[in-house]
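As a plain string of letters, each chain reads:
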Amino acid sequence: MSKLYVIMGKSCSGKDTVFKKIMESDQLNIKSVVGYTTRPIRQGEVDGEEYFFKDRDFLEEAKERGTLIESRDYNTVHGIWSYFTMDDGQINFDGPDLLYIGTLESYVDIRDYYGFANVVPIYIEVSSETRLARAKQREEEQDTPKYEEMKRRLKADDEDFSEEKLKAVGIEKRYSNEILDDCVEEIIKTIKEK
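The paragraphs below set out a description of the structure included in this document. (Residues numbered from 1 in each chain as written. Predicted model: local features only at pLDDT ≥ 70, side-chain atom pairs only at ≥ 80, totals over all residues. Heavy atoms only, no water.)

### Thoughts on the side chain of Thr103
Logical step 1: Counting through the fold element by element, Thr103 comes out in the loop between β7 (97-101) and α3 (104-114).
Logical step 2: Discounting chain neighbours no more than four positions away, the residues touching Thr103 are Met8, Arg72, Tyr74 and Phe161. (Helix = DSSP H or I, 4+ residues; strand = E, 2+ residues; numbered from the N terminus. Contact = heavy atoms within 4.5 Å.)

### Considerations on the sheet that holds strand β1 (residues 4-8)
Logical step 1: Strands sit in the order β2-β7-β1-β8-β9 across an open sheet of five strands; the sheet is parallel. In the strand order of this sheet, the two ends are held by β2 (30-32) and β9 (175-176), each with one partner.
Logical step 2: In terms of strand pairing, β2 meets β7 through three bridges, oriented parallel. Each residue of the ladder has a partner; that of Lys31, found in β7, is Leu98.
Logical step 3: Packing against the sheet, α3 makes contact with β1, β7 and β8 (119-125), and its axis sits at approximately 170° to β8. (Pairing = 2+ DSSP bridges. Axes fitted to C-alpha atoms, helices over the stretch in contact; angles between N-to-C directions.)

### Regarding the environment of Lys146
Logical step 1: Relative to the elements of secondary structure, Lys146 occurs in the loop between α4 (128-140) and α5 (147-160).
Logical step 2: Owing to a relative accessible area of 29%, Lys146 belongs among the partly exposed residues under this scheme.
Logical step 3: Among residues more than four places away in sequence, those in contact with Lys146 are His78, Trp81 and Glu139. (Buried < 20%, exposed > 50% of the residue type's maximum accessible area, 1.4 Å probe, protein only.)

### What to know about the packing of aromatic side chains
The relation between two aromatic rings is expressed through the spacing of the ring centres and the mutual angle of the planes.
Logical step 1: This structure, assessed with the given rule, holds ten aromatic pairs.
Logical step 2: On the basis of an interplanar angle of 65° and a centroid distance of 5.5 Å, the ring pair of Tyr51 and Tyr83 is categorised as edge-to-face. Residue Tyr51 is found in strand β4 (residues 51-53), and its partner Tyr83 is found in strand β6 (residues 79-86); the two are separated by 32 residues along the sequence. Of the two residues, Tyr51 and Tyr83, neither departs from the other in class, the shared state being buried.
Logical step 3: A centroid spacing of 5.4 Å and a plane angle of 70° characterise the contact between Phe93 and Tyr114, whose relative ring orientation is edge-to-face. (Phe/Tyr/Trp six-rings, centres within 6.5 Å; stacked < 30°, edge-to-face > 60°.)

### Re the sheet that holds strand β3 (residues 35-37)
Logical step 1: What the four strands build is an open sheet, ordered β4-β3-β6-β5; its pairing is mixed. Each end of this open sheet is capped by a strand with a single partner; those strands are β4 and β5 (68-76). For this sheet, the mean angle separating the axes of adjacent strands, direction not counted, is 25°.
Logical step 2: Alignment of β5 against β6, held across eight bridges, turns out to be antiparallel. Within β6, the residue paired with Leu68 across the bridge is Met86.
Logical step 3: Where α3 meets the sheet, it contacts β5 and β6, and its direction lies at approximately 170° from that of β5.
Logical step 4: Contacts from α5 reach β5 and β6, with the element oriented near 125° to β5.

Function-wise, these values are silent; they only describe arrangement.
Okay, here's the thing in structure tokens:
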């Protein structure tokens, strides 16, 4: 039986890059799970790859249909953005292992939905200095940088991923992403051993 590995970490910890590197690895038989969001698509993103970009009506319809596993709303400086996970057939434990990017909150809801034995946390961390430098660079690459939202995210992450919250949900293992290749190799090793 396969497992669902949920990559999580503070913003700009390198989750997307680690995710892509793991998906490109020829050492694993793994399939990606794509989440959903109501936030605007960023420059360089592709609908259906990083996220499925949907409107609020889609989210409300999913709630009514009973296909919504979890959702999180963020009151950004640009309005409310929702991120959510659907029971849309992507998560199937009879095939290859699965890889998903989430938050601490989404990990808990997905784990509760599919069971502790089926969902494995992969918590990535980097120094505050590295996160800030990456956040600034990402915003500078956008046609319309959103610096206020960047600051809000960085501050919110310190609470969302506090040591107390990590401990409360049983996350002890950390994967340092200061050196990308080392981080990816350590995660691949973990997945191969499960």
